[in-house]
Structure formats: structure tokens, C-alpha cells
Amino acid sequence: MNRLQAAFSKPHPAFVAFATAGDGDTAANLDALVAGGADVIELGMPFTDPMADGPAIQSANLRSLGKGTTTADVLQMATDFRKRHPETPLVLMGYANPMIRRGAEWFALAASNADVDGVICVDIPPEEDGELGPALREKGIAPIRLATPTTDAARLPAVIEGSEGFLYYVSVAGITGKQQAAIDSIEANVSRIKQSTDLPVAVGFGVRTPEQAAEIAKVADGVVVGSAFVDLVGEFGDAAPAKLQALTSAMTSAMRAARS
Amino acid sequence: MTENTPNSFRTQPDDRGHFGEFGGRYVAETLMPLILDLEREYRAAQADPAFQAEFDDLLEHYVGRPSPLYFAERLTEALGGAQVWFKRDELNHTGAHKINNCIGQILLAKRMGKTRIIAETGAGQHGVATATVCARFGLPCVIYMGAEDVARQSPNVFRMKLLGAEVVPVTSGGATLKDAMNEGLRDWVANVHDTFYIIGTAAGPHPYPELVRNFQSVIGTEARAQMLARTGRLPDLLVACIGGGSNALGLFHPFLDDPDVKMLGVEAAGHGLDGDEHAASLLGGVPGVLHGNKTYLLQDEDGQITEGHSISAGLDYPGIGPEHAWLKETGRVEYTAVTDEEALEGFKLLCRTEGIIPALEPSHAIHAVAERAKQMSDDQIILMNLCGRGDKDIFTVAEKLGVEM
Ligand SMILES: Cc1ncc(COP(=O)(O)O)c(C=O)c1O
């Protein structure tokens, strides 16, 4: 069993926590998320043009790039994380251009050297995934795809084909940030997706509170939280880790209680 | 031209929207079903004579087409070489070629039952053209414009507002055209059920580069027929300026399979190609993925997009339509770049010799025409797309010339 499979085989639903690399003290932030009970870390690779992100993650990207974060820095953060946390899976999330700048194979090799478990590329749909997906699979890294409310029955098989690790269900047709999807629609879509795949399904976009996380935990295999953490880093800077750990604990306990 | 020269240059893109290795549909999954739907609707519209008839009718009676083909006699004399002819798309309603595309796209939006229009704009020309067609069809309209550009282009902001559009200043990133396009894409993702995104140049995810090119091809189709009727021959060289590349493709595409017609695309060299302050994606960039397609981009070694610079807000986009990337690689079109200073020279030259105040975008092309004409003989013909008029730019030019207004 690899690290991602193990994370989704626990008795409780997986909690997937997002942080933007290079925003605040990344090592301390990631440690706090793990200490709070995160089962999977999603490390955002900063990009100048994060088209699918709302104001919170856009600002985090710009804060990070403003400090001069490079691709080499992000890979080093992943490498260091692996040394400190041998068991916790780490997934890189970002946009196509920084990932393919030196070629898909270069990126897959570099990610593999950093012992990264999966990669989510927001703007490479299955139709254009002739290079990155195969390069990642070749190195044993899971290409994790996104399914959305607009992914209809005709498209779903193409999205699932070639996906590994887990499927990320984006609960709202929109950008990351404040909107919330109705739990009924999440439940219906997750069960629709699960009829077509054995992959675990994690739900994200718009999850900000322990109550929301708990509700989703009842119907999905995992919950992804991003903007709520990123906002804390934006507000508290180097003092953010304690806040991140507290919010993570609150979310993971609420999720476990909801499932028991 | 290379060994793998295709039989025809006019059959791109393939059915997945690729121009060679460029183009494609690099969008978030939320948008994929939408752009597939747009493509289906566009194919149906292409096959529907009523759609084409309505497009043609509006271009004739609302936009004022066909635009004239004009022999610039005094400019030709001043340059002392090839004959210079202009396709006068600056005489269109709203003052640029942008409206051709907006008419086509709003008819598509109507056909698809969409009730809200969004667009991005840099100089404001595409924003004005979009606001215009929205007023004409009674649809609400939101224009995203970088906050920097809102400040630089206040007359066009006021025009859009007069036409009933809501202008949203975008402050993220560098607050210019690329950031406005990001914001347009974000709006579209969140409002896919009722919203149509009118993209202003031959870029973005498939099918936008193809459909924008096709709507703009009216320029080259008219010019080719007009030139044949007036001179009995085809031009030797076509010249057009390039921001995202729509006016250039509009002129070039109908001539691509005329092997004796050479073509020159003119990018903005800003303060010069040797520094960072330019907007020449083809000459100074490398291939990458942005805004839904693979194309040449201004970017650093980590793939972060860098800001373009040009005196003309309509040219400072860090990317370029994917068809140009392909035309460059195949060698069918030659590309060059012209600096801010040289564009100003071109601007002044046209004002004085022909009594036409051009926009700063085609002023870049005018400078390139002046250079080439001098190296050619008087029995040769250069045809340039005069794609916009300069009313919007007089404040920028006054400032550059040190004149207080
Ligand atoms: C008059 C004019 N010409 C050219 C352009 C550049 O766009 P394109 O390269 O798509 O023609 C613009 C863009 O705003 C413009 O306003």
C-alpha cells in the first residue's frame, strides 16, 4: 500500500490540508497541519496567474512569489517535509506552465526525487494530458484529476481514466474561496462518481468550518480545505502555525465525530 | 520554409484545436464541458446560412463594411519604394477591427440562449466593441480591465459606461490585460449557466482562436477581392501589428495559400528586445501554457509569466494566439518587432503624409512598412491592415511628445 492508499484506508475520512509553498513559514505551517491531524498535505506551487483561484489563494501566490520562491525552493520544501514526516503523503498542486517549463519528464523526475506522492494540475484536462500524466505515472506519482458539477456522465470516464490516488470533487462550479455548495448536491455527485470508480473521492472548494467538514465527511472519503488555512497565513504570518493546528484539530475531530 | 511544409496553411486547427503543437484546451475541468458545448454550437452556426446572413447584414449596415482599400499615394512617394495600400478597418464603427469579432460572438451568445456577456480589455477597444454590441442586443455586460489600464485609458472607460457596461477594475497581479483575462475566466467558471465570454483576440482555449480568426477573416477576404479588382493582382507583402494576433490573422488567413504573398507580423518591442520591457512573445518568449492554450509566452525560467510592456496598451499581452506560434514555426509568416519610439515615428508619418491619425497599435506596423517599402521596387505592393484609429491615443502621444493638454 502506498502512502496515499494508506491515508484513505484509515477508519476515518481523510482530511486533506492545503498550503501555498513559500507563503509564511512553510515548514512550520505544514508541521502544524500534520500535528492537527491532516492525513494528506497539498502543497500549492505558486503561479503568477492562478486562474481557478479566488482572492485568498491569489494573494498567497503573490506573497510567495514576492519573496522570490522558485520551483527549486518548492521541491526542497517537499523534500524536507518527507524527512520530517515519512508517512504523510504530500501532493503538489498547481498550474501547467511551471510544471512543464523544463519538460514534463523533468518535473516528474524532480517530484519523484522529492518523494512526492501525487500531482494535481488544475489546467491540464484529460484531453491535453498526453505528456504530464504518463510522465508522472512512469515515476510512480499519482496524477490526481478534478471532477466538477459540470463533469457530466459523458465526460466522467475520461476524467477517471488515468487518475490515481484519489479523485478531487470540486463541489462548486467556480473558483476557490468563499462559496459553499449544498450538501444534497455534494452527496448526489459523490455517489454518482463512486458508481464509476473505486478511487476515493475527496471534496473541496468552499469548505471553511468544522461543521461543513463534518457534513461532507458523512458522504465522501475525504475533505479538502484550502482558502481557510491560507487566510490564516495571510492574517497571522509567522504566528499562523498555532492557528492552523487549532483549526485542523477542530475540523478533524468534527469529521471523526460525524462518522462514528 | 521547412521540409514539412503542409499542403495547405488554411486547414488548421485539427479537431482538438491544435495548430501543430500549439493551441488546445488547457482549462480547468469546470470549463471543459462549456467549451465543448461552445464548439458544437459554433459548428452548427457555421453550417447555418441564416447565421452567416445575419452576420453579413450587421457588418454591412451596422459596422460599415466593406472597409475601403486605399492606395496611400503620398506615403508611397515619401518612402520611395513599393506602393503602400491600407485596408481601412479603422473606419469601422467603434474605430477598430475588434467589432467584427464581437458581432460574430454576440450572435453566437444569442443562439446559445446566454443572457449575460463578459469580456476582458486592455486598451479598451475590445471593451468598447463588446459594450457596443451588448447595447445593440440589449444584454447586460461586465468588462474586466486591469486597474493600470483603467487609469491609462480613461476615455474608453467612459465610453463603455455610456454604453451601459459595468467596468470592473482588476487589481490582482500586474493589473493589466492578462490579469483582466484571468478575472474573465474566473467569472465565467462561476457563471457558466447564463454567461458568454467574448474573448477579444485569437487566443484562449479552442475554439476561440479559430472562431475569432474566422470572424476577423472578413478583413482579408474583402481585401483580396478588392486588390484583385483594383490592380488585377495580389499584393507582394502583407503587414499587420500583433497583440494577441486577431487583426493580423484576419488579414493573413485568406492569403495563406497564395505562395507569392509574403507576410510580416509586427510585435511590440517596447524599450527594446534586449531588455525585459517589451511585449514580443514570439521573438522574445518561449512556448508554454496560459489562458487555455499552448503558445509563446513571456516568462521566466520557472514558468512564471512576466509583464509585457508597450506604449500601446493593446499590444502589451505576454502571450500570442497559437496560430501565430504555428505560422512562425512553419516559416509561412515572418515576424519582427518595433519599439515605442519607432511606433511614434510611424504614427507621425501617417498623420502628416495621409491625414490619417492611426492607433498606436498599427503605428508599429506603419514603421515596419516604411522600412520594407524602401527596400522594394515601385512595381511591388505592400498591403497593411490599418486596424484602428488614433483618437483613443492622443493623450498618450501628447505626453510622449511633451505636450500638455
Ligand atoms: C487598434 C488595435 N489594434 C490591434 C490590437 C491588438 O490586438 P490583435 O493583435 O488581436 O489585433 C488592439 C487591441 O486592443 C487594438 O485596439
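The structure this text deals with has already been given above.
A brief look at the structure comes next. (Residues numbered from 1 in each chain as written. Chains lettered and ligands numbered in written order. Predicted model: local features only at pLDDT ≥ 70, side-chain atom pairs only at ≥ 80, totals over all residues. Heavy atoms only, no water.)

1. Brief notes about the overall build of chain A
- Tallying secondary structure elements over chain A gives 12 helices and nine strands in all.
- In summary, chain A has a C-alpha radius of gyration of 17 Å against a globular reference of 18 Å for 260 residues, a match within 12%.
- Dimensions along the principal axes, computed over C-alpha positions, put chain A at roughly 45 × 40 × 35 Å.
- Within chain A, the proportion of its 260 residues that are buried is 62%.
- Total accessible area on chain A stands at roughly 9400 Å², and carbon and sulfur atoms take up 52% of it.
- Between the mean site of the 21 positive side-chain charges and the mean site of the 31 negative ones, chain A shows a separation of 3 Å. (Helix = DSSP H or I, 4+ residues; strand = E, 2+ residues; numbered from the N terminus. Rg over C-alpha atoms; globule rule 2.2 N^0.38 Å. Buried < 20%, exposed > 50% of the residue type's maximum accessible area, 1.4 Å probe, protein only. Areas by Shrake-Rupley, 256 points an atom, 1.4 Å probe, with all protein chains shown as cover. Lys, Arg positive; Asp, Glu negative; His and termini not counted. Charge placed at Lys NZ, Arg CZ, Asp CG, Glu CD.)

2. Comments concerning the overall build of chain B
- Broken down by element type, chain B carries 16 helices and 14 strands.
- Relative to the globule expectation of 22 Å for 405 residues, the C-alpha radius of gyration of chain B, 20 Å, shows essentially globular dimensions.
- Its C-alpha atoms put chain B at 55 × 50 × 50 Å along the principal axes.
- Classification of the 405 residues of chain B by burial places 65% in the buried group.
- Here the analysis covers contacts within chain B between residues at least 6 apart in sequence; of these, 74% occur between residues at least 24 apart.
- Carbon and sulfur atoms make up 49% of the accessible area of chain B, which amounts to about 13900 Å² in all.
- The distance from the centre of the 35 positive side-chain charges to the centre of the 56 negative ones in chain B is 4 Å. (Contact = heavy atoms within 4.5 Å.)

3. Re the interface of chain A and chain B
- With 35 residues of chain A at the interface, the matching set in chain B holds 37 residues.
- Both faces considered, chain A and chain B share a buried interface measuring about 2900 Å² in area, 50% of it formed by carbon and sulfur atoms.
- Taken as a group, M51, R101 and E128 of chain A account for 23% of the area that chain A buries against chain B, more than any other trio of residues on that side.
- For the pair chain A and chain B, the number of links is three salt bridges.
- One can count 22 residue pairs in polar contact (both at pLDDT 80 or more) joining chain A with chain B.
- Those elements that provide at least two residues to the side of chain A that touches chain B are α3 (55-66), α5 (96-100) and β6 (146-147) of chain A. (Buried area = accessible area lost by both parts, 1.4 Å probe. Salt bridge = Lys/Arg side-chain N within 4 Å of Asp/Glu carboxyl O. Polar contact = N/O pair within 3.5 Å; in protein donor to acceptor, adjacent residues only side chain to side chain.)

4. Concerning the site of the ligand
Residue and element names in this part refer to chain B.
- Close contacts around the ligand come from 17 residues, with T201, G243, G245, S246 and N247 the closest.
- Take T201: an N or O atom from its side chain is 2.5 Å from an oxygen atom of the ligand.
- G245 places a main-chain nitrogen or oxygen 2.7 Å from an oxygen atom of the ligand.
- Expressed as a share of its isolated accessible area of 390 Å², the protein-covered part of the ligand is 97%.
- Taken together, the residues of the shell around the ligand break down into five nonpolar, 10 polar and two charged. (Near = heavy atom within 4 Å. Nonpolar A, V, L, I, M, F, W, Y, C, P; charged D, E, K, R; others polar.)

5. So, unusual backbone geometry
- Geometrically, the link from Q12 of chain B to P13 of chain B is a cis peptide bond, its omega value of 0 degrees lying close to zero.
- Residue placement: P13 of chain B occurs in the segment before β1 (18-19).
- The amide bond that connects R65 of chain B to the next residue, P66 of chain B, takes the cis arrangement and shows omega of -5 degrees.
- With respect to the helices and strands, P66 of chain B occurs in the loop between α2 (49-63) and β3 (69-71).
- The residue D115 of chain A is not glycine, and still its phi comes out positive at about 60 degrees.
- You can see D115 of chain A is positioned in the loop between α6 (104-113) and β4 (118-121).
- A residue is classified by how much of its surface remains accessible, and D115 of chain A, at 34% relative accessible area, is partly exposed.
- Positioned with a positive phi, F205 of chain A is a non-glycine residue whose angle comes to about 85 degrees.

6. As for the sheet that holds strand β14 (residues 381-385) of chain B
Residue and element names in this part refer to chain B.
- As summarised here, the arrangement of the six strands in space is β3-β4-β14-β9-β10-β13, forming an open sheet in which the pairing is mixed. Each edge of the sheet is formed by a strand with only one pairing partner; in this case those strands are β3 and β13 (334-339). Across this sheet, the average inter-strand angle for adjacent strands is 25 degrees, counted without regard to direction.
- The pairing of strand β4 (residues 83-87) with β14 spans five bridges and is classified as parallel. Bridge pairing links V84 to I382 in β14.
- Lying on the sheet, helix α14 (residues 340-354) is in contact with β3, β4, β10 (262-270) and β13; it crosses β13 at an angle near 90 degrees. (Pairing = 2+ DSSP bridges. Axes fitted to C-alpha atoms, helices over the stretch in contact; angles between N-to-C directions.)

7. Topic: a nonpolar patch on the surface
Residues and elements named next belong to chain B.
- On the surface, I357, I394, F395, L401, V403 and M405 cluster together to form a nonpolar patch covering roughly 570 Å² of accessible area.
- By the element assignment, V403 lies in the segment after α16 (394-400).
- Judged by relative accessible area, V403 falls into the partly exposed class, the value being 47%. (Patch = residues over 30% accessible without salt bridge, like charges linked within 9 Å, V, L, I, M, F, W, Y side chains within 5 Å.)

8. Structural notes on the sheet that holds strand β6 (residues 141-146) of chain B
All names here are of chain B.
- Ordered by their spatial adjacency, four strands build an open sheet running β7-β6-β5-β8, and the pairing between neighbours is parallel. The sheet terminates laterally at β7 (166-170) and β8 (195-197), the two strands that pair on one side only. Strand-to-strand twist across the sheet, computed as the mean angle between neighbouring axes with direction ignored, equals 25 degrees.
- Sheet topology note: the strand β5 (residues 116-121)/β6 ladder contains five bridges and is parallel. Note on β6: the bridge partner recorded for T121 is M145.
- Strands β5, β6, β7 and β8 of the sheet are contacted by helix α8 (residues 177-190), whose axis makes an angle of about 160 degrees with β5.

9. Observations regarding helix α9 (residues 183-194) of chain A
Residues and elements named next belong to chain A.
- With 12 residues, α9 ought to run about 16 Å at 1.5 Å a step, and its terminal C-alpha atoms sit 16 Å apart, in line with that.
- Every buried residue of α9 is listed here: I186, N189, V190 and I193. Buried positions in α9, seen along its axis, are confined to an arc of 100 degrees and lie on one side of it. (Expected span 1.5 Å × (residues − 1). Arc of directions from axis to C-beta.)

10. Focus: the packing of aromatic side chains
All names here are of chain B.
- Tallied over the entire structure, the rule returns 13 aromatic pairs over all chains.
- The interplanar angle of 75 degrees and the centroid separation of 5.9 Å between the aromatic rings of Y42 and F215 together place this pair among those described as edge-to-face. With Y42 in helix α1 (residues 32-46) and F215 in helix α9 (residues 208-216), this pair connects stretches of sequence that are 173 residues apart.
- On the basis of relative accessibility, which here comes to 3%, the residue Y42 falls in the buried class.
- Pairing F51 with F215 gives two aromatic rings, centres 6.5 Å apart and planes at 40 degrees, and the pair type is tilted. (Phe/Tyr/Trp six-rings, centres within 6.5 Å; stacked < 30°, edge-to-face > 60°.)

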